[in-house]
Every structure is written in structure tokens, then in C-alpha cells.
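Per-entry structural report
What follows is the residue order along each chain.
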Amino acid sequence: MKLLGLFLLLIACARADEARLRVSSFSTVLTEIVREVGGEKVDVTGHVKPGVDPHEFSPRPADLEAVASSELILVSSRHIEGYVEKLREAAGGKSVLLEIGAQLPGAAEDPHWWHTIGNITRATRIVRDELIRQRPALREQFSANAADYTERLEKLEKWVKAKVAELPRDRRKLVTNHDSFGGFAKEFGFEVYPIAGITKNDQPGGRKVAEIIGVIRAQGVKAIFSEDTENPKVIAQITRETGVKIGGSLLADGLGAKPNDTIEAMFRHNVTTIVEALK
Ligand SMILES: [Zn+2]
């Protein structure tokens, strides 16, 4: 009897193994999260690659084909993926499309939700629950993977807090190229002065630039930040007129190219860049 039970268990495992859950992800951050939680039980296609500007990305026919055969589609939120309806159409109602950002607090004001560990952890939970819903037999494995990952995130958060604490409160002024650090600012007591809007199409007018220059002078801001995927022309004008230095480029829109292609590396890069430049 015992042997039979073991045999059935082995068959069940083999079946679960066969059916690796097919996932299409349109966010570099979510690609990492679902790979961490799903481990070897998921087959993830990361359509937006680290270092690619998600504001510029648009799915090609090959992407839509992959979506059509996926069981789960992950997008960060409507604000960034203007093509969500296209994905929905390609999925044809057969798969689940999760707009993770829409389920997180604060994403309505700033869709760049991945700049707090709290939100990364929340997103991990949402992804874990969906994987379990689709593969209930793998509940324990997904839960254990999510718990391991969350533990690593907690350690990272401790590091982030300690690093930010090196910066006096009155130095926490963040002048960035586009409005993408709202969530980060709120969590760590920064004031943000975005030069452009939430998307790159909101380019600043002369009045906006003059206003930013005024803020930099009045507050004695030491450095401003460019973003690696953005047009630095306005930044150059501001540095010329105020003498402020460029503190470096921040990874605003998700994971960067190697070696900044993990969530941990993104945080370490952004937080170190900000704190060292404003100290
Ligand atoms: Zn952005």
C-alpha cells in the first residue's frame, strides 16, 4: 500500500512537472518576481528586456504569438503599457492577464511602483497567489520560493534604510528627469522635483525649467539625476545655469542592462547614486 502511494505521488509529481506554467511578462521587474516564485515550474518569456525603455516598447507579432500560448500574462500597469488591449486580444480570453501595478497602493499617482520594497513584496504575493491558483498541487513549492525571496527582499530593505539614513533630511531633494520616484520619495522622506512628466512625451516648457532652476538655487540642491534612457538636453541647460552637478543616472523604468539587471542591483545602484551625490 505504501509503495502504491509513493508510486501515485511520483506520477503526480511528473505530471505537475510536465505542465510548466507558461508566462509572458511585460515588465522586467515582474519577470524576476515570477521566475523567483515559480522556479523551475514556470516557463517565463520576458518580452521587455532589462535596459529597454518600457515607454518605447511595443509588442511585435512574435510577442503576440507567445502571448497567445501563455497561461499567465503579467503587465505592470495600464499607464506604461499602452498596448494592454492588444495583449488581451491576442490572449483571446484563454489566459489570465494581471495588471499588477493597478493592485498596488499609490500606483494611480505614480505607475513606477517598483521603487519600494513594500510594493515588490506585495507584487510577489499577488504573483504567488496566482501561480497557486493555476497549479494548486505546487502550493508548497511556490509558497516556499516566495518566502525565500521575501526574506532576501527584507535584507535588501534594511540595507536601503541604512543607506538613506546617511543623508540628512534637509538634503533629501530629488530632481529627476521624469516623474518616476514618487513612491520612493514618499517612503524615504524625499521631495521630488520632476523635470518632465510621467511619460517622456510630457516634455517641459521654459517656465517649468525656470521653476526647477529656482528650486535648485533656493534649496541649495547639490546634484540632479538623469536617467539612462532619456534625452539629457534639458538637464544640460539646468547644470549650465545653476552649476549643479549631475549626480549620475538612475534606473527609473525597471531593471537596467548588466550588471544592473536584478531588482537588488537596481536598488543598490539607485540608492547609492542618490545618497552619494546629495551627501
Ligand atoms: Zn517611466
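As a reminder, the structure under discussion sits directly above these lines.
Residues numbered from 1 in each chain as written. Predicted model: local features only at pLDDT ≥ 70, side-chain atom pairs only at ≥ 80, totals over all residues.

**Things to note about the sheet that holds strand β2 (residues 42–46)**
Spatially, four strands are ordered β2-β1-β3-β4 in an open sheet, and the strand pairing comes out parallel. Two strands in the sheet have a free side with no partner beyond their single neighbour: β2 and β4 (96–99). Averaged over neighbouring strand pairs, the angle between their axes works out to 20° when direction is ignored. Pairing of strand β1 (residues 21–25) with strand β3 (residues 72–75) involves three bridges; the strand directions are parallel. Paired with Ser 24 across the bridge in β3 is Ile 73. Its contacts with the sheet place helix α2 (residues 28–38) against β1, β2 and β3, and it is angled at close to 170° to β2. (Pairing = 2+ DSSP bridges. Helix = DSSP H or I, 4+ residues; strand = E, 2+ residues; numbered from the N terminus. Axes fitted to C-alpha atoms, helices over the stretch in contact; angles between N-to-C directions. Contact = placed C-beta atoms within 7 Å.)

**Points about the pairing of strand β7 (residues 223–227)**
Within β7, five of the five residues are buried, which leaves the element mostly enclosed by the surrounding structure. Along β7, one buried face is formed by Ala 223, Phe 225 and Glu 227 and the opposite face, lined by Ile 224 and Ser 226, is buried too. Relative to strand β8 (residues 245–250), β7 runs parallel, the two sharing five bridges. Counted as the bridge partner of Phe 225 is Gly 248 from β8. (Buried ≥ 20, exposed ≤ 12 C-beta atoms within 10 Å, placed from the backbone.)

**Brief notes about the environment of Gly 220**
Assignment of secondary structure puts Gly 220 in the loop between α8 (206–219) and β7. Residue Gly 220 is classed as exposed on the basis of its C-beta count, with 10 C-beta atoms lying within 10 Å. Along the backbone, Gly 220 and Arg 171 are 49 residues apart, and their C-alpha atoms lie at a distance of 8.6 Å.

Such coordinate-based values are descriptive only and should not be taken to indicate function.
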